[in-house]
Amino acid sequence: PNVLKNLYGVDTYGFHNGEPNFYNRTHFLTKSVGLKNYIASDNMDITNYTLDGERNLDSQMIEACKTQMFPTDKRFSTHITTITMHGQYAERKAS
């Protein structure tokens, strides 16, 4: 993202249907990686956010954010991180 911004003036946006501050994501991705903005689940207009304790489907995230993810009036770079492969994070009790 920093290279795209510095060489070509292209802003990069990140999307993830997970928690915004888990692993300090928002700060790291905007300050260190160089995303213009990081949009996490808390900032998405998604109804039925959870179903049986699991987060929304990736398709719901993309549908809710597609205008931001894929602008038609400028060059863009979009990073989409999903939870499809691992499901919802849950604290585990030490054994």
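For the structure itself, look to the data block above.
Keep in mind it's a predicted model, so treat the numbers as computed, not measured. For every chain, the first residue of its written sequence is number 1, and the numbers climb from 1 along that sequence. Since the coordinates come from a predicted model, pLDDT governs what is reported: local features require at least 70, and pairs of side-chain atoms require 80 or more to be given and counted, while whole-chain, interface and lining totals use all residues. Computation of side-chain values covers all heavy atoms of the structure but excludes hydrogens and water.

A. Spatial organisation of the packing of aromatic side chains. Stacked, edge-to-face and tilted labels apply to pairs of Phe, Tyr and Trp rings (six-membered ring for Trp) whose centres lie within 6.5 Å, assigned for plane angles under 30 degrees, over 60, and everything in between, in that order. Tallying each qualifying case throughout the model produces one aromatic pair. Residues F70 and F76 carry aromatic rings whose centres are separated by 6.2 Å and whose planes lie at 70° to one another, so their mutual orientation is edge-to-face.

B. Spatial organisation of the sheet that holds strand β5 (residues 77-81). Strands sit in the order β2-β1-β5 across an open sheet of three strands; the sheet is parallel. Where the open sheet ends on each side, the last strands, each with one partner, are β2 (37-40) and β5. Between one strand axis and the next, the sheet turns by 15° as a mean value, whatever way the strands run. Pairs of strands are assigned from DSSP output, requiring at least two bridges between the strands. Elements are defined by DSSP. Helices are runs of H or I of four residues or more, strands are runs of E of two residues or more, and each kind is numbered from the N terminus. Where strand β1 (residues 12-16) and β2 come together, four bridges link them in parallel fashion. To define axes, lines are fitted to C-alpha atoms, for helices over the stretch in contact only, and angles between the resulting N-to-C directions are given on a 0 to 180 degree scale.

C. Just the nonpolar core, in detail. Of all hydrophobic cores here, the largest spans eight residues; its members are Y13, F15, I39, M44, I46, M61, C65 and M69. When residues of this core are assigned to their parent elements, the largest contribution, three residues, is made by helix α3 (residues 58-69). Among buried residues, the Ala, Val, Leu, Ile, Met, Phe, Trp, Tyr and Cys ones that are joined through side-chain atoms within 4.5 Å form a nonpolar core. Using a 1.4 Å probe on the protein chains alone, a residue whose accessible area is under 20% of its type maximum counts as buried, one over 50% counts as exposed, and one in between counts as partly exposed.

D. Broad picture of the side chain of R25. Its place among the elements puts R25 in helix α2 (residues 25-33). Here, two residues are considered to be in contact whenever any of their heavy atoms come within 4.5 Å of each other. If near-sequence neighbours (up to four positions away) are discounted, R25 is found in contact with H16, G18, E19, P20 and Y38.

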